[in-house]
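Residues per chain are reported as follows:
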Amino acid sequence: MSFSASALRVARAGRLLIDGLDIALSPGAGLALRGPNGVGKSTLLRALCGLLPCEGQVELEGAALGTDAYLDRIAYAGHRDAIKAALSVGENLAFWAAMTGGDARAALERFDLEALAERPAGLCSAGQKRRLGLARLALAPRALWLLDEPTVSLDAEHTARFAALLREHLAGGGMAIIATHIDLGLELGELRLEAPQRRVETDPFLDEAWT
Ligand SMILES: Nc1ncnc2c1ncn2[C@@H]1O[C@H](COP(=O)(O)OP(=O)(O)OP(=O)(O)O)[C@@H](O)[C@H]1O
């Protein structure tokens, strides 16, 4: 297995959301994360990035969660698009390309952003910002994509562009865990969260700090 999480436990604000969850992915496998609002999909993705504390063992291509080697192998796209509002669309991609490597121009084209390259990212529409955020995925290969509702705000054409990029990622041996409420037209496994949400002791300081 290239990615495995075992006996995962994640609590938030005194509620145990993920309790004893196991996930195993081989190269080329994608998993759609499903479940009702508030069940813990974003929480799980953030925990798998190291943005929230969790218990359990998580390993990606031999690298343990929390190590630089693990971080170098993941790409995370959350609800916020992680764009720099004062930089232009092109400058945002050039900035990321300087960090991760890859061809900023090709990533722009991938999400049909060439005509917007000079526009300050902060002035882009919600869908344009989402396209810019997702264009980061086209820059440099990462073994595991952790994506939180990536198609929100995208129109049909750009949803299809995203699905094509994801298909290529998986065909190349990449893996993905994607919280999504829509059918992307791809062969994905399904993980349905139905958390018991029982109360547990959590540290109020950590609850505040790890948002
Ligand atoms: N910063 C936070 N502090 C405390 N509790 C939080 C915080 N963020 C979310 N929660 C709670 O954790 C639970 C899980 O939230 P999460 O965002 O993971 O759900 P989700 O399954 O992604 O929902 P949705 O489908 O609405 O995006 C919810 O009950 C939510 O109220």
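Residues numbered from 1 in each chain as written. Predicted model: local features only at pLDDT ≥ 70, side-chain atom pairs only at ≥ 80, totals over all residues.

- With an unreviewed UniProt entry as reference, the chain is termed Heme ABC exporter ATP-binding protein CcmA, source organism Pontivivens ytuae.

## Regarding the overall build of the chain
- Within the chain, the regular secondary structure consists of 7 helices and 10 strands.
- At 17 Å, the chain has a C-alpha radius of gyration in line with the 17 Å of a compact globule built from 211 residues.
- By its C-alpha atoms, the chain is 50 × 35 × 35 Å across when sized along the principal axes.
- Partitioning the intrachain contacts of the chain with sequence separation of at least 6 by distance along the chain shows that 72% fall at a separation of at least 24. (Helix = DSSP H or I, 4+ residues; strand = E, 2+ residues; numbered from the N terminus. Rg over C-alpha atoms; globule rule 2.2 N^0.38 Å. Contact = placed C-beta atoms within 7 Å.)

## A few points about the sheet that holds strand S6 (residues 74–77)
- What the 5 strands build is an open sheet, ordered S6-S7-S8-S3-S9; its pairing is parallel. Looking at strand neighbours, the two that pair on one side only are S6 and strand S9 (189–192), the edges of this open sheet. Averaged over all pairs of adjacent strands, the angle between their axes in this sheet comes to 15 degrees, without regard to strand direction.
- In terms of strand pairing, strand S3 (residues 30–34) meets S9 through 4 bridges, oriented parallel. By the bridge assignment for S9, Ala32 is matched with Glu190.
- Each of S3, strand S7 (144–148) and strand S8 (175–179) touches helix H6 (residues 156–171); the most contacted strand, S8, lies at about 145 degrees to it. (Pairing = 2+ DSSP bridges. Axes fitted to C-alpha atoms, helices over the stretch in contact; angles between N-to-C directions.)

## Some details on the site of the ligand
- Neighbouring the ligand are 13 residues, the closest being Ala13, Asn37, Lys41, Ser42 and Thr43.
- Element by element, the count of residues in the shell around the ligand is highest for helix H1 (residues 41–49), at 3 residues.
- For the shell around the ligand, a count of residues per class yields 3 nonpolar, 7 polar and 3 charged. (Near = placed C-beta within 6 Å. Nonpolar A, V, L, I, M, F, W, Y, C, P; charged D, E, K, R; others polar.)

## Some details on the environment of Ile182
- With respect to the helices, strands and loops of the structure, Ile182 is situated in the loop between S8 and S9.
- Looking at Ile182, the number of C-beta atoms within 10 Å reads 13, which means it is partly exposed.
- Along the chain, Ile182 and Ala32 lie 150 residues apart, while their C-alpha atoms are 9.5 Å from each other. (Buried ≥ 20, exposed ≤ 12 C-beta atoms within 10 Å, placed from the backbone.)

## What to know about the nonpolar core
- Formed by 53 residues in total, the largest nonpolar core has its most connected members in Val10, Leu48, Ala135, Leu144, Leu146 and Ala176.
- Those residues in contact with Leu48 that sit more than four places away from it in its chain are Ala5, Val58, Leu146 and Ile177. (Core = buried A, V, L, I, M, F, W, Y, C linked by C-beta atoms within 7 Å.)

## Topic: helix H5 (residues 126–135)
- By the criterion of burial, H5 is predominantly enclosed, with 8 of the 10 residues buried.
- For H5, the full list of buried residues reads Gln128, Lys129, Arg130, Arg131, Leu132, Gly133, Leu134 and Ala135.
- In this structure, the buried residues of H5 make contact with S6, helix H3 (89–100), helix H4 (104–110) and H6.

## Describing the pairing of S6
- Of the two faces of S6, both are covered, the one formed by Ile74 and Tyr76 as well as the one formed by Ala75 and Ala77.
- Pairing of S6 with S7 involves 4 bridges; the strand directions are parallel. By the bridge assignment for S7, Ala75 is matched with Trp145.

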